[in-house]
Amino acid sequence: IAGAAQLNTDIPKTKPAHSLRLLTWNIGALEYNNPTPPNAHIAQAIKDVDPDVIVMQECSSNFVNWNEFLSSLPGYQSFKSKEATTKGGIKYFVTILAKSNLGAQAIKLATQKHQDRMVAIKVGNTQIVGLHAHYNPPAAIKQSLEADLGAIAKGSGIIFAGDFNQNSTNALAILNQKGQNYRDVFARSPPWTGSGNSAPDHVFADASKTVKGAYVY
């Protein structure tokens, strides 16, 4: 599991049998601060970790050639949200990549309100939801986020992964109000430079899922 800016690949190469290796990565800092397209760097880091499923936030066609990027990762299916556009004209979306042999299937979201910030798949009996929540969302957006999370959270075998902006959305409390017994399976990344706040990448799992061996960089 990776934090927001860059990926350190000192992660064990072997995986326990019948396990699922999940990587969540906000690649925004790599995109915005890199003078050249970071396609190769991101793809190589993913290959080094060899995850079964990758949840990526702040993906942007402004900075990364996604067709080229996906072609460099054969053996993965791609599931992406709709694109959102910032005031500056930057387009971004959430992506989940899953190894083709897992037979992952897309899950239709209960509402249409967060299709540019949320994407969900099912792998066997496990549902994986990728989310990039708004930072300091207005009240109306926060209420619609609560409705969307609540609609999904009532199931079982669910893992939420992504950039939750937990400091301003309190997403874990929302899940536990609307769903079952969710837990935060790893602590937040080190503070953002100059912000004093912890980085917002999280993985939340319901009580029916055992998640262990978390690595954060």
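Structure report, in brief. One numbering rule holds for all chains: residues counted from 1, following each sequence as written. Reporting of local features is limited, given that this is a predicted model, to residues whose pLDDT is at least 70; pairs of side-chain atoms are given and counted only at 80 or more, and all residues count toward the totals for whole chains, interfaces and linings. Only hydrogens and water are set aside when side-chain values are computed; all heavy atoms of the structure are taken into account.

## Focus on unusual backbone geometry
Keep this limit in mind: What counts as a helix is a DSSP run of H or I of at least four residues, what counts as a strand is a run of E of at least two, and both are numbered from the N terminus. Only protein chains enter the calculation, and the probe is 1.4 Å; a residue is then buried if its accessible area is under 20% of its type maximum, exposed if over 50%, and partly exposed in between.
The backbone of D50 sits at a positive phi, close to 55 degrees, despite the residue not being glycine. In this fold, D50 is placed in the loop between α2 (39-49) and β2 (53-59). Take D50: its relative accessible area is 29%, and that puts it in the partly exposed class. In the Ramachandran plot, E58 falls in the positive-phi region, its phi being about 55 degrees despite a non-glycine side chain. When you line up the elements, E58 lands in strand β2.

## Observations regarding the side chain of E58
Selection criterion: A positive count includes Lys and Arg, and a negative count includes Asp and Glu. His and the chain ends are not counted in either. When a carboxyl oxygen of Asp or Glu is within 4 Å of a side-chain nitrogen of Lys or Arg, the pair counts as a salt bridge. Polar contacts, as counted here, are pairs of nitrogen or oxygen atoms within 3.5 Å of one another; within protein the pair requires one atom able to donate a hydrogen and one able to accept it, and residues that are adjacent in sequence qualify only if both atoms are side-chain atoms.
There is no salt bridge for the buried E58, and the closest opposite charge comes from R117, which lies 7.6 Å off by N-O distance. A polar contact of 3.0 Å, which involves the side chain of E58, links it to the side chain of N26.

## Here we look at the pattern of salt bridges
Under the definition given, this model contains two salt bridges. Measuring nitrogen to oxygen at the nearest pair gives 2.7 Å for the salt bridge that ties K99 to D50. Highlighted residues: K99 in strand β5 (residues 91-99) and D50 in the loop between α2 and β2, separated in sequence by 49 residues. Residue D52 is joined to K99 by a salt bridge in which the shortest nitrogen-to-oxygen separation is 3.9 Å. Taken together, the positions of D52 in the loop between α2 and β2 and K99 in strand β5 put the pair 47 residues apart, joining distant regions of the chain.

## Describing the side chain of T126
Counted only if it meets this: Only heavy atoms enter the contact rule, under which two residues are in contact if any of them lie within 4.5 Å.
Structurally, T126 can be placed in strand β8 (residues 126-132). In this structure T126 comes out as buried when scored by relative accessible area, which is 11%. Those residues in contact with T126, other than ones at most four positions away along the chain, are I121, G157, I159 and K209.

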